[in-house]
Amino acid sequence: MRDVLDELMTWWRAGETVGVGTVVATFRSAPRPAGASMLLGPGGEAVGSVSGGCVEGAVYELSQEVVDGGTPVLQRYGVSDDDAFAVGLTCGGILDVFVEPVSQATFPELGDVADDVAAGRPVAVATVIDHPDPAWLGRRLVVRPEDADVPVVGEIGSPPADSAVADDARGLLASGRTETLTYGPDGERRGEGMRVFVNAFAPRPRMLVFGAIDFAAAVAHVGSFLGYRVTVCDARPVFATRSRFPAADEVVVEWPHKYLAAEQEAGAVDGRTVVCVLTHDPKFDVPVLERALRLPEVAYVGAMGSRRTHEDRLERLREAGVTDDELARLSSPIGLDLGARTPEETAVSIAAEIVALQWGGGGKRLQDVGGPIHHHGEDAETAAPAPV
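This report concerns the structure included in the present document. (Residues numbered from 1 in each chain as written. Predicted model: local features only at pLDDT ≥ 70, side-chain atom pairs only at ≥ 80, totals over all residues. Heavy atoms only, no water.)

A few points about the sheet that holds strand β8 (residues 152-154)
Read from one edge of the open sheet, five strands run β8-β7-β6-β10-β9, paired in antiparallel fashion. Two strands in the sheet have a free side with no partner beyond their single neighbour: β8 and β9 (179-183). Direction aside, neighbouring strands of the sheet carry axes that sit 25 degrees apart on average. Bridging between strand β6 (residues 123-130) and strand β7 (residues 140-143) involves four bridges; their strand directions are antiparallel. (Pairing = 2+ DSSP bridges. Helix = DSSP H or I, 4+ residues; strand = E, 2+ residues; numbered from the N terminus. Axes fitted to C-alpha atoms, helices over the stretch in contact; angles between N-to-C directions.)

See the structure below:
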């Protein structure tokens, strides 16, 4: 919903009712991930996408019915390979779409949620999308961290269900993940019957780039493009300037290891953070790598340098007490082998390695790899999709 939130809020504040179709689960190689949304505006406008083209027409029609009738609907769509190809896609798949009417009456908390998202405050919206009792459909909790002024707003339907969903939503929010969870009808952990879609709006993940060199400018640009909040840090003020790194969200003049330590102590480094050390100067990169490799949660630690530099760096890190298990977390030399030459090409190779490690990709050419192209969906080979 994040991509269409501005348009949704314009209509919501005007007192209009909007049909909102949201992908809540994907199977096999569906083209859009969970959380992708499409809006049906009050004037018949279509905003956003749930499939890249092949089921938008069906979702549009269903949204009209839902807005007119006022009852949310969970619909499964099967996107055959032939249908996907016909509309210019490269893959088929199955996706579940939850369509609901959204207005100030049905979602009075939306204004506060939008404010949180705009301010970068973590917030999750948990919505009942399937339940034996139709009266539960569309009920929701707005969940924030436990130290928030109001950690939970709304109700699912019973105290046990509210408690279970709030706890699990808070866990997803901490990791920045959006998922559909399954419970018993009254929130039983091991039961079935109730499905709850948790849309987690976490702050952007961070990319920490250490070393104010020309390669850092390219890495910052690609990192920003991928959705990271990018920080470039260097102890040399003559190089660490805003004019040299316009794509970075912030440029910090500080010794890298000191800055990383302060950010860790402030709770600003989490399991989604990626660390790129580009200085290839021992007095800078060894201290910051020593700390980065010992962080309990971090998605990626990479360091630039030749193989000779890499071997020298490993020796220095071992002398500093870094263990072999900790060194195994280091991606060095940084990036995938793309034959890169320029800073921009090198930045692409670094980004490719980060993406491959995040999603379990092998870094090979797709034409040489069998199986589904997209890996974010669940396995639903036995599911019976509705016709498109």
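Moving on, there is more to tell.
Some points on the packing of aromatic side chains
Applying the stated criterion across every chain, the model contains two aromatic pairs. Seen from their ring centres, Phe210 and Tyr259 are 6.5 Å apart, and the 65 degrees between their planes marks the pair as edge-to-face. Residue Phe210 is found in strand β11 (residues 206-210), and its partner Tyr259 is found in helix α7 (residues 256-265); the two are separated by 49 residues along the sequence. The buried category is assigned to Phe210, whose relative accessible area is 1%. Relative to Phe284, the ring of Trp255 lies with its centre 5.0 Å away and its plane at 40 degrees, an arrangement referred to as tilted. Placement of Trp255 in the loop between β13 (250-253) and α7 and of Phe284 in helix α8 (residues 282-292) is noted, with a sequence separation of 29 residues between them. Geometry around Phe107 places Arg140 over its ring, the cationic atom sitting 4.0 Å from the centre. (Phe/Tyr/Trp six-rings, centres within 6.5 Å; stacked < 30°, edge-to-face > 60°. Buried < 20%, exposed > 50% of the residue type's maximum accessible area, 1.4 Å probe, protein only. Lys NZ or Arg CZ within 6 Å of the ring centre and 35° of its normal.)

Description of the packing of α7 against α8
When two helices pack together, you describe them by how their axes are tilted relative to each other and by the distance separating the axes. At their nearest, the axes of α7 and α8 sit 8 Å apart, and the two run at 20 degrees to each other. On the basis of their axis angle, the class for α7 and α8 is roughly parallel. Here α7 contributes Pro256, His257, Leu260, Ala261 and Gln264 to the contact with α8, which in turn contributes Phe284, Pro287, Val288, Arg291 and Ala292. Broken down by class, the residue content of the contact of α7 with α8 amounts to seven nonpolar, two polar and one charged. (Parallel < 35°, antiparallel > 145°, perpendicular 65-115°, else oblique. Contact = heavy atoms within 4.5 Å. Nonpolar A, V, L, I, M, F, W, Y, C, P; charged D, E, K, R; others polar.)

Focus on the nonpolar core
Buried together is how nonpolar side chains tend to be arranged in soluble globular proteins. Residues Leu278 and Ile350 are the most contacted members of the largest nonpolar core, which totals 25 residues. Counting only elements with at least two residues in this core, the list comes to β11, α6 (214-225), β12 (229-234), β14 (274-277) and α11 (343-359). Looking at this core, the element that brings in the most residues is α6, giving five residues. In contact with Leu278, other than residues within four places in its own chain, are Val209, Phe210, Ile213, Phe215, Ala216, Val219, Met304, Ile334 and Ile350. Judged by nonpolar contacts, the second largest core, of 23 residues, contains Val286, Leu293, Ala303 and Leu330. (Core = buried A, V, L, I, M, F, W, Y, C linked by side-chain atoms within 4.5 Å.)

Things to note about the sheet that holds β12
The six strands are arranged β13-β12-β11-β14-β15-β16 in an open sheet whose pairing can be described as parallel. Bordering the open sheet on either side are β13 and β16 (330-331), each of which pairs with just one other strand. Strand direction decides the pairing type here: β14 and strand β15 (residues 300-303), joined by four bridges, are parallel. Residue pairing in the sheet places Val277 in a bridge with Ala303 of β15. Packed onto the sheet, α7 meets β11, β12 and β13 and runs at close to 160 degrees relative to β11.

Some thoughts on the pattern of salt bridges
Scanning all chains against the criterion turns up 20 salt bridges. For Glu179, the salt bridge is made with Arg177, and the minimal N-O distance between the two is 2.9 Å. Across the salt bridge formed by Arg236 and Asp234, the nearest N and O atoms sit 2.9 Å from each other. For Arg236, a relative accessible area of 29% puts it in the partly exposed group. On the basis of relative accessibility, which here comes to 1%, the residue Asp234 falls in the buried class. (Salt bridge = Lys/Arg side-chain N within 4 Å of Asp/Glu carboxyl O.)

Focus on the packing of α6 against α11
Where α6 meets α11, the closest approach of the two axes is 8 Å, and the angle between their N-to-C directions is 50 degrees. Here α11 runs oblique to α6, going by the angle between their axes. The handedness of the crossing between α6 and α11 is right-handed. Two secondary-structure elements touch here, α6 through Asp214, Phe215, Ala218, Val219 and Val222 and α11 through Pro343, Glu344, Thr346, Ala347, Ile350 and Ala351. Here the contact of α6 with α11 is built from residues that sort into eight nonpolar, one polar and two charged. (Left-handed = near helix turned anticlockwise from the far one by under 90°.)

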